[in-house]
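Survey of secondary and tertiary structure
So the chains spell out like this:
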Amino acid sequence: MKHPDISVVIPVYNEADTLPILCERLFKSLDALGRTYEVIFTNDGSKDNSLAVLKGYHEQHPDTVRIIDFHGNYGQHMAIMAAFEKSRGRVVINLDADLQNPPEEIYKLLEKIDAGHDYVGSYRDSRKDNVFRTYISKFMNWIRASITDIHMRDQGCMFRAYSRHIIDKIVASHERSTFIPALGYKFAINPAEIEMRHEPRAAGESKYSLYHLIRVSFDLITSFSLVPLQLFTLFGMVVSLGSGLLVFYMLLRRLFIGPEAEGVFTLFAILFFLISVVIMGIGLVGEYLGRVFQSLSQRPRFIIREMVENKTEG
Ligand code: UDP
Ligand code: MG
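Along every chain, residues carry numbers that run from 1 in the direction the sequence is written. To read the labels, note that chains go from A and ligands from 1, taken in the order they are written. Under the rules for a predicted model, residues below a pLDDT of 70 receive no local features and side-chain atom pairs below 80 are neither given nor counted, while totals for whole chains, interfaces and linings still include all residues. Each side-chain value is derived from all of the structure's non-hydrogen atoms; neither hydrogens nor water enter the calculation.

With respect to the site of ligand 1
To be near a molecule or strand, a residue needs just one of its heavy atoms within 4 Å of it. Around ligand 1, the surrounding shell holds 17 residues, and the nearest of these are E15, D44, D98, S206 and K207. The term polar contact refers here to a pair of N or O atoms within 3.5 Å; inside protein, the definition further demands a hydrogen-donor-capable atom paired with an acceptor-capable atom, and it admits residues adjacent in sequence only when both atoms are side-chain atoms. Here a nitrogen atom of ligand 1 sits 3.4 Å away from a polar atom, N or O, in the main chain of Q76. Note that an oxygen atom of ligand 1 is positioned 2.6 Å from one of the backbone N or O atoms of K207. Polar here means any residue other than Ala, Val, Leu, Ile, Met, Phe, Trp, Tyr, Cys and Pro, which are nonpolar, and Asp, Glu, Lys and Arg, which are charged; Gly is therefore polar. Class assignment of the residues belonging to the shell around ligand 1 gives a composition of five nonpolar, five polar and seven charged.

Structural data, given as structure tokens:
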């Protein structure tokens, strides 16, 4: 199939237990749509037998199932990126492998595409993750919403549909540590958002630690906004103005009243605070510098060990 209607893109990292249920439900829902489709799985360096399971599905459906086998673990977003590059569908749908996004709801995304939207995002009705995660993610959503011009209700929900022109732009931008839903949103002309059912993971556990969640949000913010740097500069300006006035006042005081020696600890407190701000600022500059460094490097973003697909017909 050279140009199917739909490409479904699924990153897979140690999901051997969920894949059989996923595939059963996915193929059923896709067949029910009555459109042509392909399913691209990226095996992101799984250490269990996910790859073997996937190859089994390729043998059953040689024309529709394609597998990208990564050389190592490059992360969910790179896995999706690689699948985007290989995708040929008119519409590309991204889905998690753990069944938190029910494949039966794919038709809802397509309805919106058919209604003329080129990007359909989704937000989770009531999240089935633990309370702590839900709040961290709400907080990160709030920061993103305040300092970038990316408007989405739920940045953590990957269940989205992208039309061809957006996929082509995402692929052409060759971004590295990017956040795909936000990048897609940037290129969208007429985006829409719908509510989606969210389910608990079918099996296994989340591949993300708290550290990773925070990293992803940092990446999202530093690759789509310079506001943190600008706020930092502004803060620096305000502090210098304040301390300039203080120096002036101290000078006058010394001339007219005499030297003063009390309030040493208050001074220390202020100093420590300012030092912490400076350290944070260095870290912040480092984040942006790291981004520049990464995008200047000529190293490939990911290495594909093998592409499992029906070559005769592609
Ligand atoms: N995933 C991946 N590479 C990774 C981590 C995760 O391809 O390094 C895949 C994983 O198999 C799943 C999706 O990304 O299909 C989302 O992962 P997970 O469910 O662990 O994230 P959460 O739902 O907890 O945010
Ligand atoms: Mg999940």
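Let's talk about the coordination of the magnesium ion (ligand 2)
Around the magnesium ion (ligand 2), the protein contributes the donor atoms D98 (OD) and Q100 (OE1), at 1.8 to 2.0 Å from the metal centre. Neither D98 nor Q100 differs from the other in exposure class; each is buried. Nitrogen, oxygen and sulfur within 2.8 Å of a metal are treated as its donors, or within 3.2 Å for sodium, potassium and calcium (Na, K, Ca); water is not counted, so a site can appear incomplete. In this scheme, a residue with accessible area under 20% of its type's maximum is buried, one over 50% is exposed, and one in between is partly exposed, where area comes from a 1.4 Å probe on protein chains only.

A look at unusual backbone geometry
One non-glycine residue, N14, lies in the positive phi region at around 50 degrees. Runs of E in the DSSP output that reach at least two residues are strands. Runs of H or I that reach at least four are helices, and both are numbered from the N terminus. Mapped onto the elements, N14 comes out in the loop between β1 (6-12) and α1 (19-33). Non-glycine residue L99 carries a positive phi angle of around 70 degrees. Tracing the sequence through the fold places L99 in the loop between β4 (91-94) and α4 (106-114).

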